[in-house]
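Residues per chain, in single letters:
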Amino acid sequence: NRIRGTAQLIMAGDGYHLWSETFDRDLDDIFQVQDDIANAIVRSLQMTMVSTSKERLDRIPTTSTEAFDLFLQAMDARQTYHADAVSRSNELLEEAVRLDPEFALAIDALAFGYILEVFYGMRGIDDAAELASALLDTAIQLEPDLEEAYATYGLLYNRLQKFPEANQ
């Protein structure tokens, strides 16, 4: 009626062992064991998190509740991944960006949406590249550490078959 589990955090890039802990518990409450392990992992991650990452997580993406609501609706619409949904998502994002021109996450999502339109044959790659590049430059200017914008740039460069740029 006992359980032993081990959790480890290892850097994927170099295999460096960051943390590990073994948990010996009575099996009376398996959910408590799960909570204990999860809490230990969270504590470990908090210790290894750099302050800039914490600042990024604490940052409020927009002060406009209306723009944020439109962003959430757009992300929900996009989940069906068909042409009409992508079109609707982009319309919602365009409105969100109009309401808050400094909402970098929505700006990136709109750039991504224009690239998606290429995959659905709704927009040519040159047009999408021009629109997306301008949006991504703006998003990165507003938030230089916005990882999503760099990933979207990678997708764009990949679609343009500019593979060295996609890897940067």
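The structure under discussion appears in the preceding block.
Before going into details, it helps to say that this report is about the structure given with it. What you are looking at is a predicted structure, and each value in this text was computed from that prediction instead of being measured.

**What to know about the overall build of the chain**
Here is step 1: Helices and strands together make up the secondary structure of the chain, namely 8 helices and 2 strands.
Here is step 2: Each helix and strand of the chain, ordered N terminal to C terminal, gives the series β-β-α-α-α-α-α-α-α-α.
Here is step 3: Within the chain, the fraction of its 168 residues that count as buried is 32%.
Here is step 4: When contacts within the chain are restricted to residue pairs at least 6 apart in sequence, those whose partners lie at least 24 apart make up 50%.
Here is step 5: Of the roughly 10,700 Å² of accessible surface on the chain, 51% is carried by carbon and sulfur atoms.

**Some words on the nonpolar core**
Here is step 1: One finds Leu-93 and Ala-106 to be the most contacted residues of the largest nonpolar core, which totals 27 residues.
Here is step 2: Going through the elements one at a time, α3 (65-78), α4 (83-99), α5 (104-119), α6 (125-142) and α7 (147-159) are the ones with two or more residues in this core.
Here is step 3: At 8 residues, the largest contribution of residues to this core is made by α5.
Here is step 4: Discounting residues that sit within four places of it in the chain, Leu-93 has contacts with Phe-71, Ala-74, Met-75, Arg-78, Ala-106, Ala-109 and Leu-110.
Here is step 5: Ala-7, Leu-9, Trp-19 and Ala-40 belong to the second largest nonpolar core, which has 5 residues in total.

**Here's the deal with the pairing of strand β1 (residues 2-10)**
Looking down a regular strand, the side chains alternate between one sheet face and the other.
Here is step 1: Pairing analysis gives 9 bridges linking β1 to strand β2 (residues 17-26), with the strands arranged antiparallel. Opposite Thr-6, over in β2, you have Thr-22 as the bridge partner.
Here is step 2: Where β1 folds back onto β2 in an antiparallel hairpin, the turn is made up of 6 residues, including Gly-15, whose phi is positive at roughly 75 degrees.

**Regarding the packing of aromatic side chains**
Here is step 1: One pass over the structure, following the stated rule, counts 4 aromatic pairs.
Here is step 2: The rings of Phe-68, Phe-71 and Phe-103 are connected pair by pair, giving a single aromatic cluster.
Here is step 3: The ring of Phe-119 is capped by Arg-159, whose NZ or CZ atom sits 5.0 Å from the centre of that ring.

**Looking at a nonpolar patch on the surface**
Here is step 1: Judged by side-chain polarity, Tyr-81, Phe-119, Tyr-120 and Met-122 come together as a nonpolar surface patch covering roughly 390 Å² of accessible area.
Here is step 2: Looking at the element boundaries, Tyr-120 is found in the loop between α5 and α6.

**Considerations on α7**
Residues spaced three or four apart along an α-helix face the same direction, because each turn holds 3.6 residues.
Here is step 1: A rise of 1.5 Å per residue sets the reference length of α7, with its 13 residues, at 18 Å; its end C-alpha atoms lie 19 Å apart and thus fit the reference within 8%.
Here is step 2: Looking only at α7, the buried set comprises Ala-149, Thr-152, Tyr-153, Gly-154 and Leu-156.
Here is step 3: Note on α7: the residue one or two positions beyond its end, Gln-161, has a positive phi of about 60 degrees.

**Remarks on the pattern of salt bridges**
Here is step 1: The full count for this structure, using the stated rule, is 7 salt bridges.
Here is step 2: Arg-4 is paired through a salt bridge with Asp-24; the nearest N and O atoms lie 2.6 Å apart. Of the two residues, Arg-4 sits in strand β1 while Asp-24 sits in strand β2, which places them 20 residues apart along the sequence.
Here is step 3: Of the residues examined, Asp-24 reaches a relative accessible area of 32% and is grouped as partly exposed.
Here is step 4: Taking the shortest distance from any N to any O, the salt bridge between Asp-127 and Arg-123 comes out at 2.6 Å.
Here is step 5: Take Arg-123: its relative accessible area is 22%, and that puts it in the partly exposed class.
Here is step 6: When salt bridges that share partners are traced, they join Glu-117, Arg-123 and Asp-127 into one network.

Quick notes on the rules
- Note on numbering: residues in each chain are counted from 1, in written sequence order.
- In view of the model being predicted, local features appear only for residues whose pLDDT reaches at least 70, and side-chain atom pairs are presented and counted only at 80 or more, with totals across whole chains, interfaces and linings using the full set of residues.
- To obtain the side-chain values, all non-hydrogen atoms of the structure were used and water was disregarded.
- Only runs of H or I of at least four residues qualify as helices and only runs of E of at least two qualify as strands under DSSP, and these elements are numbered from the N terminus.
- With a 1.4 Å probe rolled over the protein chains alone, any residue whose accessible area is under 20% of its type maximum counts as buried; one over 50% counts as exposed, and the rest are partly exposed.
- We call two residues in contact whenever any of their non-hydrogen atoms come within 4.5 Å of each other.
- Note on areas: these come from Shrake-Rupley sampling with a 1.4 Å probe, and a residue is covered only by the protein chains present in the view.
- Only buried residues count toward a nonpolar core, which is a set of Ala, Val, Leu, Ile, Met, Phe, Trp, Tyr and Cys residues joined through side-chain atoms within 4.5 Å.
- Any two strands with at least two DSSP bridges between them are considered paired.
- Note on aromatic pairs: the rings of Phe, Tyr and Trp (six-membered ring only in Trp) are paired at centre separations within 6.5 Å, and the planes decide the class, stacked below 30 degrees, edge-to-face beyond 60, tilted for the rest.
- Placement of a charge over a ring requires the Lys NZ or Arg CZ to be within 6 Å of the ring centre, with the centre-to-atom vector within 35 degrees of the ring normal.
- Any residue with relative accessible area above 30% and no salt bridge may belong to a patch, with like charges joined within 9 Å and the nonpolar Val, Leu, Ile, Met, Phe, Trp and Tyr side chains within 5 Å.
- The salt bridge definition used is simple: a Lys or Arg side-chain nitrogen within 4 Å of an Asp or Glu carboxyl oxygen.
- By this rule, a helix spans an expected 1.5 Å times one less than how many residues it contains.

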